[in-house]
Amino acid sequence: RKVLRMLANRFFGGQKKLEGVIPDLSMTELTKQDCVIAVSFQGVGVGLDVSKNTELFWMLNSGLPSEDLLLYFAAPNSLDDIKFDYLEKNSIRALALNHNARATTRAPVWPGPSSKAYFRSLRQCINIMVPGFFFDWRRTRFNVWLARCFMVWAYRYTYWSSFFSSYNVRINVNRDNCSPERLFADQAIEDLGGISVSFQRSLFSIPMVSMAQSTDVHFGFSVDQLQNERDSGSRLRQFVTCGYLRDDAFSLVRSRAREIRRRLVDCGARFIVCFFDENSLDDKKRGPSHEYCAQDYHFLLDEFIRDPELGLIFKPKQPSTMRRRFGQLVDRIEAAIASGRCIYIGEGVEEGISVPSMLPCEVSGAADMTIGILHGSTAATESVLAGGRALLLDREGYFSHPMCHTKGTITFLDWHSLWEALSGFRKFPDAFSKVGDWSRLLPEIDSFRDGRASQRMGNYIGWLAESISNGDSRDEAMLKAKSRFESLWGVGTVIEAGSPIGRPVPSHTIAIGA
(Lines give C-alpha, C1' and ligand atoms only; values in the text may rest on other atoms or scores of the structure.)
Protein backbone atom coordinates (compact mmCIF):
# COMPACT_ATOMS: atom_id res chain seq x y z
CA ARG A 1 0.00 0.00 0.00
CA LYS A 2 2.84 2.37 0.79
CA VAL A 3 4.40 1.70 -2.62
CA LEU A 4 1.12 2.32 -4.43
CA ARG A 5 0.57 5.53 -2.45
CA MET A 6 4.08 6.69 -3.33
CA LEU A 7 3.50 6.00 -7.03
CA ALA A 8 0.21 7.87 -6.94
CA ASN A 9 1.93 10.90 -5.41
CA ARG A 10 4.77 10.64 -7.90
CA PHE A 11 2.60 10.62 -11.01
CA PHE A 12 -0.53 12.46 -9.92
CA GLY A 13 0.40 14.54 -6.89
CA GLY A 14 2.30 17.25 -8.73
CA GLN A 15 -0.66 17.94 -10.99
CA LYS A 16 -3.13 18.19 -8.13
CA LYS A 17 -0.96 20.85 -6.49
CA LEU A 18 -1.65 23.12 -9.46
CA GLU A 19 -5.41 22.76 -9.22
CA GLY A 20 -6.92 25.98 -8.03
CA VAL A 21 -3.84 27.97 -9.03
CA ILE A 22 -4.70 27.90 -12.74
CA PRO A 23 -8.42 27.33 -13.23
CA ASP A 24 -9.40 24.66 -15.76
CA LEU A 25 -12.13 25.25 -18.27
CA SER A 26 -14.88 22.68 -18.60
CA MET A 27 -14.14 20.12 -21.31
CA THR A 28 -17.77 19.15 -21.78
CA GLU A 29 -17.83 20.69 -25.24
CA LEU A 30 -14.71 18.79 -26.26
CA THR A 31 -15.85 15.39 -25.07
CA LYS A 32 -19.29 15.72 -26.63
CA GLN A 33 -17.87 16.03 -30.13
CA ASP A 34 -16.65 13.13 -32.21
CA CYS A 35 -12.95 13.94 -32.48
CA VAL A 36 -11.51 11.75 -35.21
CA ILE A 37 -8.02 13.19 -35.73
CA ALA A 38 -5.55 14.46 -33.13
CA VAL A 39 -2.54 16.48 -34.31
CA SER A 40 0.58 17.01 -32.20
CA PHE A 41 1.97 20.55 -32.14
CA GLN A 42 5.72 20.35 -32.79
CA GLY A 43 6.75 23.98 -32.63
CA VAL A 44 5.87 25.48 -36.02
CA GLY A 45 2.73 27.35 -37.08
CA VAL A 46 -0.91 26.45 -36.71
CA GLY A 47 -2.26 28.53 -39.58
CA LEU A 48 -4.16 27.38 -42.67
CA ASP A 49 -2.04 29.36 -45.14
CA VAL A 50 -0.03 26.66 -46.93
CA SER A 51 2.56 29.22 -48.06
CA LYS A 52 3.66 29.47 -44.42
CA ASN A 53 5.28 27.04 -42.01
CA THR A 54 2.39 25.20 -40.35
CA GLU A 55 1.48 21.86 -38.79
CA LEU A 56 -1.79 21.82 -40.75
CA PHE A 57 -0.46 22.07 -44.31
CA TRP A 58 -2.29 18.86 -45.29
CA MET A 59 -5.63 19.68 -43.69
CA LEU A 60 -7.25 21.65 -46.53
CA ASN A 61 -6.78 18.69 -48.88
CA SER A 62 -8.22 16.13 -46.49
CA GLY A 63 -11.86 17.08 -46.97
CA LEU A 64 -12.31 16.96 -43.19
CA PRO A 65 -14.33 19.57 -41.33
CA SER A 66 -12.15 21.62 -39.00
CA GLU A 67 -14.34 20.52 -36.08
CA ASP A 68 -12.92 16.99 -36.45
CA LEU A 69 -9.41 18.16 -35.56
CA LEU A 70 -7.92 18.34 -32.07
CA LEU A 71 -4.54 20.05 -31.87
CA TYR A 72 -2.74 19.16 -28.64
CA PHE A 73 0.21 20.98 -27.07
CA ALA A 74 2.87 19.60 -24.71
CA ALA A 75 5.86 21.99 -24.85
CA PRO A 76 6.03 24.70 -22.15
CA ASN A 77 3.95 27.80 -22.97
CA SER A 78 3.30 26.57 -26.49
CA LEU A 79 -0.47 27.24 -26.42
CA ASP A 80 -0.76 31.01 -26.07
CA ASP A 81 -3.57 33.50 -26.67
CA ILE A 82 -2.54 34.11 -30.28
CA LYS A 83 -2.70 30.45 -31.27
CA PHE A 84 -5.80 29.76 -29.20
CA ASP A 85 -7.71 32.69 -30.74
CA TYR A 86 -6.70 31.69 -34.27
CA LEU A 87 -7.70 28.05 -33.80
CA GLU A 88 -10.98 29.00 -32.11
CA LYS A 89 -11.77 31.39 -34.96
CA ASN A 90 -11.28 28.55 -37.46
CA SER A 91 -13.28 26.02 -35.38
CA ILE A 92 -10.20 23.89 -34.60
CA ARG A 93 -10.09 22.62 -31.05
CA ALA A 94 -6.94 23.13 -28.98
CA LEU A 95 -5.92 21.30 -25.81
CA ALA A 96 -2.94 21.54 -23.48
CA LEU A 97 -1.65 18.20 -22.23
CA ASN A 98 -0.45 19.80 -19.00
CA HIS A 99 -0.68 23.11 -17.16
CA ASN A 100 2.81 24.18 -18.24
CA ALA A 101 1.90 23.83 -21.91
CA ARG A 102 -0.59 26.68 -21.87
CA ALA A 103 0.26 30.34 -21.65
CA THR A 104 -3.40 31.33 -21.43
CA THR A 105 -5.95 30.33 -18.81
CA ARG A 106 -8.62 30.20 -21.50
CA ALA A 107 -7.27 26.96 -22.95
CA PRO A 108 -8.55 23.64 -21.57
CA VAL A 109 -6.09 21.23 -19.96
CA TRP A 110 -6.11 17.44 -20.13
CA PRO A 111 -6.27 16.31 -16.47
CA GLY A 112 -4.45 13.05 -17.12
CA PRO A 113 -5.51 9.45 -16.51
CA SER A 114 -7.29 8.36 -13.36
CA SER A 115 -5.39 6.56 -10.65
CA LYS A 116 -7.70 3.59 -11.13
CA ALA A 117 -6.72 3.25 -14.81
CA TYR A 118 -3.03 3.46 -13.99
CA PHE A 119 -3.16 0.84 -11.24
CA ARG A 120 -5.06 -1.48 -13.58
CA SER A 121 -2.19 -1.29 -16.07
CA LEU A 122 0.37 -1.61 -13.28
CA ARG A 123 -1.31 -4.77 -12.03
CA GLN A 124 -1.05 -6.29 -15.49
CA CYS A 125 2.66 -5.45 -15.58
CA ILE A 126 3.19 -6.99 -12.15
CA ASN A 127 1.54 -10.21 -13.32
CA ILE A 128 4.12 -10.32 -16.11
CA MET A 129 7.10 -9.41 -13.91
CA VAL A 130 6.56 -11.65 -10.88
CA PRO A 131 7.25 -14.98 -12.64
CA GLY A 132 10.50 -13.53 -13.94
CA PHE A 133 11.67 -12.65 -10.44
CA PHE A 134 11.07 -16.18 -9.19
CA PHE A 135 12.54 -18.02 -12.16
CA ASP A 136 15.59 -15.77 -12.49
CA TRP A 137 16.31 -14.55 -8.95
CA ARG A 138 20.08 -14.35 -9.60
CA ARG A 139 19.60 -11.32 -11.87
CA THR A 140 18.07 -9.13 -9.20
CA ARG A 141 19.64 -5.84 -10.32
CA PHE A 142 18.47 -6.37 -13.88
CA ASN A 143 15.01 -7.33 -12.69
CA VAL A 144 14.76 -4.19 -10.56
CA TRP A 145 15.74 -2.07 -13.57
CA LEU A 146 13.20 -3.92 -15.69
CA ALA A 147 10.52 -3.37 -13.06
CA ARG A 148 11.13 0.37 -13.18
CA CYS A 149 10.79 0.29 -16.97
CA PHE A 150 7.52 -1.59 -16.65
CA MET A 151 6.14 1.02 -14.24
CA VAL A 152 7.06 3.85 -16.59
CA TRP A 153 5.51 1.91 -19.46
CA ALA A 154 2.32 1.31 -17.47
CA TYR A 155 1.94 5.00 -16.68
CA ARG A 156 2.76 6.41 -20.13
CA TYR A 157 0.69 3.78 -21.92
CA THR A 158 -2.27 4.50 -19.63
CA TYR A 159 -1.75 8.23 -20.15
CA TRP A 160 -2.10 8.01 -23.94
CA SER A 161 -4.78 5.34 -23.90
CA SER A 162 -6.91 7.48 -21.57
CA PHE A 163 -6.29 10.59 -23.67
CA PHE A 164 -7.33 8.93 -26.92
CA SER A 165 -10.36 7.30 -25.29
CA SER A 166 -11.54 10.50 -23.60
CA TYR A 167 -11.71 12.45 -26.87
CA ASN A 168 -12.56 9.55 -29.19
CA VAL A 169 -9.31 10.00 -31.11
CA ARG A 170 -9.08 7.42 -33.88
CA ILE A 171 -6.17 8.86 -35.87
CA ASN A 172 -3.09 10.44 -34.27
CA VAL A 173 -0.87 12.57 -36.52
CA ASN A 174 2.57 13.21 -35.06
CA ARG A 175 5.77 13.87 -37.01
CA ASP A 176 8.08 13.49 -34.00
CA ASN A 177 10.13 10.35 -34.53
CA CYS A 178 12.83 10.90 -31.89
CA SER A 179 10.79 10.89 -28.70
CA PRO A 180 10.14 7.67 -26.74
CA GLU A 181 6.61 8.99 -26.19
CA ARG A 182 5.81 7.83 -29.71
CA LEU A 183 6.19 4.20 -28.61
CA PHE A 184 3.58 4.53 -25.87
CA ALA A 185 1.16 6.57 -27.99
CA ASP A 186 1.42 4.32 -31.06
CA GLN A 187 0.79 1.19 -29.02
CA ALA A 188 -2.13 2.79 -27.20
CA ILE A 189 -3.98 3.93 -30.31
CA GLU A 190 -3.39 0.58 -32.03
CA ASP A 191 -4.96 -1.26 -29.08
CA LEU A 192 -7.94 1.10 -29.30
CA GLY A 193 -8.45 0.27 -32.98
CA GLY A 194 -7.07 3.58 -34.22
CA ILE A 195 -4.27 4.51 -36.62
CA SER A 196 -0.96 6.25 -35.94
CA VAL A 197 0.33 8.58 -38.67
CA SER A 198 3.74 10.16 -39.13
CA PHE A 199 5.37 12.06 -41.97
CA GLN A 200 8.83 12.97 -43.15
CA ARG A 201 9.79 16.55 -42.53
CA SER A 202 13.58 16.45 -42.94
CA LEU A 203 15.84 14.87 -45.53
CA PHE A 204 16.79 11.47 -44.12
CA SER A 205 20.16 10.64 -45.72
CA ILE A 206 21.65 7.87 -43.57
CA PRO A 207 20.16 5.24 -41.22
CA MET A 208 20.02 6.16 -37.53
CA VAL A 209 18.64 4.00 -34.75
CA SER A 210 17.45 7.12 -32.93
CA MET A 211 15.09 7.85 -35.84
CA ALA A 212 13.38 4.43 -35.83
CA GLN A 213 9.59 4.46 -35.49
CA SER A 214 6.67 2.06 -35.53
CA THR A 215 3.73 3.97 -36.95
CA ASP A 216 0.93 2.50 -39.03
CA VAL A 217 1.12 5.01 -41.89
CA HIS A 218 4.21 7.05 -42.74
CA PHE A 219 4.35 9.62 -45.55
CA GLY A 220 7.78 9.95 -47.18
CA PHE A 221 9.40 11.97 -49.96
CA SER A 222 10.42 9.02 -52.14
CA VAL A 223 10.82 5.25 -52.15
CA ASP A 224 14.55 5.71 -51.51
CA GLN A 225 13.70 6.93 -48.00
CA LEU A 226 12.04 3.61 -47.11
CA GLN A 227 15.32 1.70 -47.15
CA ASN A 228 16.77 4.22 -44.67
CA GLU A 229 13.76 3.68 -42.45
CA ARG A 230 14.17 -0.10 -42.54
CA ASP A 231 17.92 0.09 -41.93
CA SER A 232 17.23 2.31 -38.92
CA GLY A 233 14.94 -0.33 -37.44
CA SER A 234 11.59 1.27 -38.25
CA ARG A 235 8.53 -0.98 -38.36
CA LEU A 236 6.05 0.76 -40.66
CA ARG A 237 2.77 -0.85 -41.66
CA GLN A 238 2.49 1.37 -44.73
CA PHE A 239 5.02 3.67 -46.38
CA VAL A 240 3.19 6.15 -48.62
CA THR A 241 5.28 7.93 -51.26
CA CYS A 242 4.03 11.50 -51.53
CA GLY A 243 6.90 13.71 -52.65
CA TYR A 244 8.33 16.68 -50.76
CA LEU A 245 5.43 17.59 -48.52
CA ARG A 246 5.74 21.39 -48.71
CA ASP A 247 6.12 21.67 -52.48
CA ASP A 248 2.66 23.22 -52.74
CA ALA A 249 4.17 26.43 -51.35
CA PHE A 250 6.75 26.89 -54.12
CA SER A 251 4.48 28.74 -56.53
CA LEU A 252 2.78 30.70 -53.75
CA VAL A 253 5.92 32.35 -52.36
CA ARG A 254 7.53 33.50 -55.61
CA SER A 255 6.05 36.99 -55.55
CA ARG A 256 7.23 37.52 -51.97
CA ALA A 257 10.68 36.17 -52.91
CA ARG A 258 10.88 38.69 -55.77
CA GLU A 259 10.08 41.48 -53.32
CA ILE A 260 12.90 40.40 -51.01
CA ARG A 261 15.29 40.35 -53.97
CA ARG A 262 14.14 43.78 -55.15
CA ARG A 263 14.96 45.28 -51.74
CA LEU A 264 18.53 44.00 -51.93
CA VAL A 265 19.05 44.96 -55.58
CA ASP A 266 17.81 48.49 -54.90
CA CYS A 267 20.60 48.82 -52.32
CA GLY A 268 23.33 47.73 -54.74
CA ALA A 269 23.38 43.92 -54.51
CA ARG A 270 24.13 42.18 -57.80
CA PHE A 271 24.74 38.62 -56.58
CA ILE A 272 22.75 37.33 -53.61
CA VAL A 273 23.67 34.43 -51.32
CA CYS A 274 21.24 32.85 -48.86
CA PHE A 275 22.68 30.98 -45.85
CA PHE A 276 20.87 28.45 -43.63
CA ASP A 277 22.64 27.47 -40.43
CA GLU A 278 21.93 24.38 -38.31
CA ASN A 279 21.92 25.86 -34.81
CA SER A 280 24.57 25.45 -32.10
CA LEU A 281 24.54 23.90 -28.65
CA ASP A 282 25.84 24.92 -25.23
CA ASP A 283 27.33 21.47 -24.70
CA LYS A 284 30.13 20.79 -27.20
CA LYS A 285 29.81 17.05 -26.63
CA ARG A 286 26.28 17.06 -28.03
CA GLY A 287 26.84 19.06 -31.18
CA PRO A 288 28.48 22.12 -32.80
CA SER A 289 29.52 24.79 -30.33
CA HIS A 290 28.55 28.46 -30.57
CA GLU A 291 32.12 29.48 -31.44
CA TYR A 292 32.33 26.86 -34.17
CA CYS A 293 29.10 27.94 -35.87
CA ALA A 294 29.93 31.62 -35.51
CA GLN A 295 32.87 31.06 -37.88
CA ASP A 296 30.39 30.49 -40.74
CA TYR A 297 28.83 33.90 -40.22
CA HIS A 298 32.21 35.63 -39.80
CA PHE A 299 33.44 34.26 -43.14
CA LEU A 300 30.35 35.45 -45.01
CA LEU A 301 30.47 38.87 -43.33
CA ASP A 302 34.15 39.26 -44.24
CA GLU A 303 33.29 38.56 -47.89
CA PHE A 304 30.35 40.94 -47.61
CA ILE A 305 32.65 43.77 -46.53
CA ARG A 306 35.15 43.04 -49.32
CA ASP A 307 32.51 42.85 -52.07
CA PRO A 308 30.17 45.88 -52.43
CA GLU A 309 27.97 43.98 -54.92
CA LEU A 310 27.33 40.96 -52.67
CA GLY A 311 23.93 40.59 -51.01
CA LEU A 312 23.34 38.29 -48.04
CA ILE A 313 20.24 36.66 -46.57
CA PHE A 314 20.58 34.95 -43.20
CA LYS A 315 17.91 32.54 -41.97
CA PRO A 316 19.08 31.01 -38.68
CA LYS A 317 17.39 27.92 -37.32
CA GLN A 318 16.95 29.51 -33.88
CA PRO A 319 16.81 33.29 -34.37
CA SER A 320 15.47 34.03 -30.88
CA THR A 321 18.72 32.85 -29.23
CA MET A 322 21.23 34.44 -31.61
CA ARG A 323 22.28 37.20 -29.20
CA ARG A 324 22.86 34.77 -26.32
CA ARG A 325 24.74 32.26 -28.46
CA PHE A 326 26.86 34.54 -30.65
CA GLY A 327 27.26 37.76 -28.67
CA GLN A 328 29.16 40.41 -30.63
CA LEU A 329 28.58 38.59 -33.91
CA VAL A 330 25.05 39.94 -33.85
CA ASP A 331 26.48 43.47 -33.87
CA ARG A 332 28.28 42.67 -37.12
CA ILE A 333 25.06 41.28 -38.61
CA GLU A 334 23.16 44.42 -37.58
CA ALA A 335 25.81 46.61 -39.22
CA ALA A 336 25.45 44.58 -42.42
CA ILE A 337 21.66 44.95 -42.27
CA ALA A 338 22.06 48.72 -41.96
CA SER A 339 23.80 48.77 -45.34
CA GLY A 340 20.62 47.52 -47.02
CA ARG A 341 22.41 44.62 -48.74
CA CYS A 342 21.77 42.13 -45.95
CA ILE A 343 18.49 40.70 -44.66
CA TYR A 344 18.09 38.73 -41.45
CA ILE A 345 15.02 36.48 -41.20
CA GLY A 346 13.96 36.32 -37.56
CA GLU A 347 10.80 35.53 -35.66
CA GLY A 348 7.70 37.67 -35.91
CA VAL A 349 3.93 37.64 -35.95
CA GLU A 350 2.42 36.46 -39.20
CA GLU A 351 -1.36 36.31 -39.60
CA GLY A 352 -1.81 36.25 -35.84
CA ILE A 353 0.58 33.34 -35.39
CA SER A 354 3.82 34.12 -33.57
CA VAL A 355 6.19 31.62 -35.20
CA PRO A 356 9.18 31.49 -37.55
CA SER A 357 6.68 31.16 -40.36
CA MET A 358 8.74 31.85 -43.48
CA LEU A 359 9.58 28.70 -45.42
CA PRO A 360 13.12 28.16 -46.80
CA CYS A 361 11.84 28.27 -50.40
CA GLU A 362 10.61 31.84 -49.93
CA VAL A 363 13.97 33.07 -48.66
CA SER A 364 16.13 31.14 -51.12
CA GLY A 365 13.89 32.20 -53.99
CA ALA A 366 15.41 35.66 -53.69
CA ALA A 367 19.00 34.38 -53.98
CA ASP A 368 21.31 33.36 -56.81
CA MET A 369 22.89 30.65 -54.66
CA THR A 370 21.90 28.97 -51.39
CA ILE A 371 24.41 27.62 -48.88
CA GLY A 372 23.47 25.01 -46.30
CA ILE A 373 25.17 22.56 -43.93
CA LEU A 374 25.57 18.96 -45.10
CA HIS A 375 24.51 17.31 -41.85
CA GLY A 376 21.25 19.26 -41.95
CA SER A 377 20.52 19.84 -45.61
CA THR A 378 16.70 19.94 -45.68
CA ALA A 379 16.45 23.71 -46.17
CA ALA A 380 18.95 23.62 -49.04
CA THR A 381 17.10 20.65 -50.55
CA GLU A 382 13.82 22.59 -50.47
CA SER A 383 15.57 25.48 -52.19
CA VAL A 384 16.70 23.20 -55.02
CA LEU A 385 13.30 21.55 -55.40
CA ALA A 386 11.83 25.04 -55.72
CA GLY A 387 14.10 25.70 -58.69
CA GLY A 388 17.27 27.17 -57.22
CA ARG A 389 20.89 26.15 -56.79
CA ALA A 390 22.50 25.13 -53.51
CA LEU A 391 25.92 24.29 -52.05
CA LEU A 392 26.55 22.26 -48.88
CA LEU A 393 29.36 22.89 -46.43
CA ASP A 394 30.92 19.81 -44.82
CA ARG A 395 33.50 21.13 -42.37
CA GLU A 396 32.96 18.05 -40.19
CA GLY A 397 34.07 15.60 -42.91
CA TYR A 398 30.88 13.58 -43.12
CA PHE A 399 32.44 10.95 -45.40
CA SER A 400 29.66 8.38 -44.95
CA HIS A 401 27.05 10.78 -46.31
CA PRO A 402 25.51 9.74 -49.66
CA MET A 403 26.28 13.14 -51.18
CA CYS A 404 30.02 12.91 -50.64
CA HIS A 405 30.42 11.95 -54.30
CA THR A 406 29.39 15.51 -55.25
CA LYS A 407 32.50 17.14 -53.77
CA GLY A 408 33.63 20.11 -55.80
CA THR A 409 30.21 20.78 -57.31
CA ILE A 410 27.71 20.58 -54.42
CA THR A 411 29.57 19.61 -51.24
CA PHE A 412 32.75 21.29 -49.98
CA LEU A 413 35.02 20.60 -47.00
CA ASP A 414 35.84 24.25 -46.22
CA TRP A 415 34.66 27.76 -46.89
CA HIS A 416 37.57 28.70 -49.18
CA SER A 417 36.98 25.91 -51.71
CA LEU A 418 33.24 26.58 -51.60
CA TRP A 419 33.69 30.28 -52.20
CA GLU A 420 36.13 29.65 -55.03
CA ALA A 421 33.55 27.49 -56.82
CA LEU A 422 30.79 30.03 -56.13
CA SER A 423 32.94 32.87 -57.47
CA GLY A 424 33.67 30.85 -60.60
CA PHE A 425 29.96 30.31 -61.19
CA ARG A 426 29.29 33.98 -60.60
CA LYS A 427 31.87 35.09 -63.21
CA PHE A 428 31.50 32.25 -65.73
CA PRO A 429 28.10 30.58 -65.23
CA ASP A 430 28.36 28.46 -68.37
CA ALA A 431 31.81 27.07 -67.55
CA PHE A 432 30.78 26.34 -63.94
CA SER A 433 27.25 25.17 -64.73
CA LYS A 434 27.56 22.05 -62.53
CA VAL A 435 28.15 24.12 -59.39
CA GLY A 436 25.02 23.88 -57.25
CA ASP A 437 23.19 21.79 -59.87
CA TRP A 438 21.17 18.97 -58.21
CA SER A 439 19.11 17.97 -61.26
CA ARG A 440 20.36 14.36 -61.43
CA LEU A 441 19.71 13.87 -57.68
CA LEU A 442 16.14 15.10 -57.60
CA PRO A 443 14.40 11.82 -58.60
CA GLU A 444 15.96 10.16 -55.54
CA ILE A 445 14.75 12.96 -53.27
CA ASP A 446 11.21 13.47 -54.57
CA SER A 447 9.38 10.82 -56.58
CA PHE A 448 6.82 13.27 -58.04
CA ARG A 449 8.03 16.91 -58.06
CA ASP A 450 4.61 18.16 -59.11
CA GLY A 451 3.57 20.46 -56.24
CA ARG A 452 0.85 18.06 -55.03
CA ALA A 453 2.50 16.20 -52.14
CA SER A 454 0.32 17.74 -49.42
CA GLN A 455 -2.74 16.91 -51.51
CA ARG A 456 -1.74 13.24 -51.53
CA MET A 457 -1.16 13.22 -47.77
CA GLY A 458 -4.38 15.08 -47.04
CA ASN A 459 -6.43 12.80 -49.27
CA TYR A 460 -5.00 9.69 -47.63
CA ILE A 461 -5.74 10.88 -44.09
CA GLY A 462 -9.22 11.92 -45.19
CA TRP A 463 -9.87 8.45 -46.63
CA LEU A 464 -8.68 6.80 -43.42
CA ALA A 465 -11.02 8.99 -41.36
CA GLU A 466 -13.91 8.35 -43.73
CA SER A 467 -13.51 4.57 -43.49
CA ILE A 468 -13.22 4.58 -39.71
CA SER A 469 -16.27 6.84 -39.40
CA ASN A 470 -18.18 4.34 -41.55
CA GLY A 471 -17.41 1.55 -39.11
CA ASP A 472 -14.43 -0.08 -40.85
CA SER A 473 -11.63 -1.56 -38.77
CA ARG A 474 -8.17 -0.02 -38.86
CA ASP A 475 -6.90 -2.74 -41.21
CA GLU A 476 -9.85 -2.28 -43.56
CA ALA A 477 -9.40 1.50 -43.54
CA MET A 478 -5.71 1.23 -44.40
CA LEU A 479 -6.38 -1.31 -47.16
CA LYS A 480 -9.08 0.87 -48.76
CA ALA A 481 -6.92 3.98 -48.58
CA LYS A 482 -4.03 2.14 -50.23
CA SER A 483 -6.27 0.92 -53.04
CA ARG A 484 -7.63 4.40 -53.74
CA PHE A 485 -4.19 5.99 -53.58
CA GLU A 486 -2.56 3.52 -55.97
CA SER A 487 -5.43 3.84 -58.43
CA LEU A 488 -4.61 7.55 -58.68
CA TRP A 489 -0.85 7.68 -58.31
CA GLY A 490 0.48 4.32 -59.43
CA VAL A 491 1.14 0.80 -58.22
CA GLY A 492 3.96 0.66 -55.67
CA THR A 493 3.38 4.14 -54.26
CA VAL A 494 2.18 2.48 -51.04
CA ILE A 495 4.53 -0.20 -49.71
CA GLU A 496 3.37 -2.59 -47.00
CA ALA A 497 5.59 -3.81 -44.17
CA GLY A 498 8.01 -6.46 -45.39
CA SER A 499 7.24 -5.87 -49.06
CA PRO A 500 10.17 -5.47 -51.46
CA ILE A 501 11.07 -1.95 -52.47
CA GLY A 502 10.56 -1.14 -56.13
CA ARG A 503 9.99 1.91 -58.29
CA PRO A 504 6.34 3.00 -58.48
CA VAL A 505 4.54 2.12 -61.71
CA PRO A 506 2.51 5.15 -62.84
CA SER A 507 -1.22 4.52 -63.10
CA HIS A 508 -3.16 5.17 -66.29
CA THR A 509 -5.80 6.88 -64.16
CA ILE A 510 -3.52 9.58 -62.81
CA ALA A 511 -4.78 12.17 -65.27
CA ILE A 512 -8.37 11.35 -64.32
CA GLY A 513 -7.67 11.57 -60.59
CA ALA A 514 -5.68 14.75 -60.93
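Description of the structure in this document. (Residues numbered from 1 in each chain as written. Predicted model: local features only at pLDDT ≥ 70, side-chain atom pairs only at ≥ 80, totals over all residues. Heavy atoms only, no water.)

## A short note on helix α11 (residues 329-338)
Inspection of α11 places Leu 329, Val 330, Ile 333 and Ala 336 among the buried residues, and these make up the whole buried set. Around the axis of α11, the buried residues are gathered within 115° of arc, so they sit on the same side. Those residues of α11 that are exposed and aimed more than 90 degrees away from the buried face are Ala 335 and Ala 338. As for α11, its buried residues are in contact with α9 (290-306), β9 (310-315), α10 (322-326) and β10 (342-344). Positioned one or two residues after α11, Gly 340 has a phi angle of 90°, which is positive. (Buried < 20%, exposed > 50% of the residue type's maximum accessible area, 1.4 Å probe, protein only. Helix = DSSP H or I, 4+ residues; strand = E, 2+ residues; numbered from the N terminus. Arc of directions from axis to C-beta. Contact = heavy atoms within 4.5 Å.)

## Some details on unusual backbone geometry
Peptide bonds are trans in most cases, and residues, glycine excluded, mostly fall at negative phi. Within the chain, Ser 91 stands out as a residue other than glycine whose phi angle is a positive 60°. Looking at the secondary structure, you find Ser 91 in the loop between α3 (81-89) and β3 (93-96). Judged by relative accessible area, which is 33%, Ser 91 ranks as partly exposed. Even without glycine at this site, Asn 168 takes up a positive phi of about 55°. On the secondary structure map, Asn 168 appears in the loop between α5 (140-166) and β4 (171-173). For Asn 168, a relative accessible area of 34% gives the class partly exposed.

## Quick look at the nonpolar core
Counting residues in hydrophobic clusters, the biggest one holds 69 residues, and the most contacted among them are Ile 37, Trp 58, Phe 219, Tyr 460 and Leu 464. Here the element with the most residues in this core is helix α16 (residues 453-469); it accounts for eight residues. Excluding its chain neighbours within four sequence positions, the residues that come into contact with Phe 219 are Val 197, Ser 198, Phe 199, Gln 200, Val 240, Cys 242, Leu 245, Met 457, Tyr 460 and Ile 461. In terms of nonpolar packing, the next biggest core, distinct from the first, is built from 33 residues, Phe 271, Ala 294, Leu 418 and Trp 419 among them. (Core = buried A, V, L, I, M, F, W, Y, C linked by side-chain atoms within 4.5 Å.)

## Here's the deal with the packing of aromatic side chains
All told, the structure shown has 27 aromatic pairs when counted by the stated rule. Consider the rings of Phe 57 and Phe 199, whose centres lie 5.5 Å apart with planes at 80°: the pair is edge-to-face. Of this pair, Phe 57 sits in the loop between β1 (37-40) and β2 (69-73) while Phe 199 sits in strand β5 (residues 195-199), placing them 142 residues apart in sequence. Both rings, one in Phe 275 and one in Tyr 297, keep their centres 5.4 Å apart while their planes meet at 85°; by these two values the pair is edge-to-face. Highlighted residues: Phe 275 in strand β8 (residues 271-276) and Tyr 297 in helix α9, separated in sequence by 22 residues. With respect to burial, Phe 275 and Tyr 297 carry one shared label: buried. Sitting over the face of the ring of Trp 489, Arg 456 holds its NZ or CZ atom 4.5 Å from the ring centroid. (Phe/Tyr/Trp six-rings, centres within 6.5 Å; stacked < 30°, edge-to-face > 60°. Lys NZ or Arg CZ within 6 Å of the ring centre and 35° of its normal.)

## Concerning the pairing of β3
Residues of β3 alternate between two faces, with Arg 93 and Leu 95 on one and Ala 94 and Ala 96 on the opposite face, all of them buried. Looking at chain direction, β2 and β3 are connected through four bridges and run parallel. Across the sheet, Tyr 72 pairs through a bridge with Leu 95, a residue of β3. Read from β2 through α3 to β3, the crossover connection turns out right-handed. (Pairing = 2+ DSSP bridges. Right-handed = clockwise from strand over helix to strand, strands pointing away.)

## A word on the sheet that holds β9
Reading across from one edge, β10-β9-β8-β13-β14-β15 is the order of the six strands in this open sheet, with parallel pairing throughout. Sheet topology places β10 and β15 (411-412) at the edges, where each strand pairs with a single neighbour. Bridging between β8 and strand β13 (residues 369-373) involves three bridges; their strand directions are parallel. For Val 273, the partnering residue across the bridge sits in β13 and is Met 369.

Shape is all these values report; function is a separate question.
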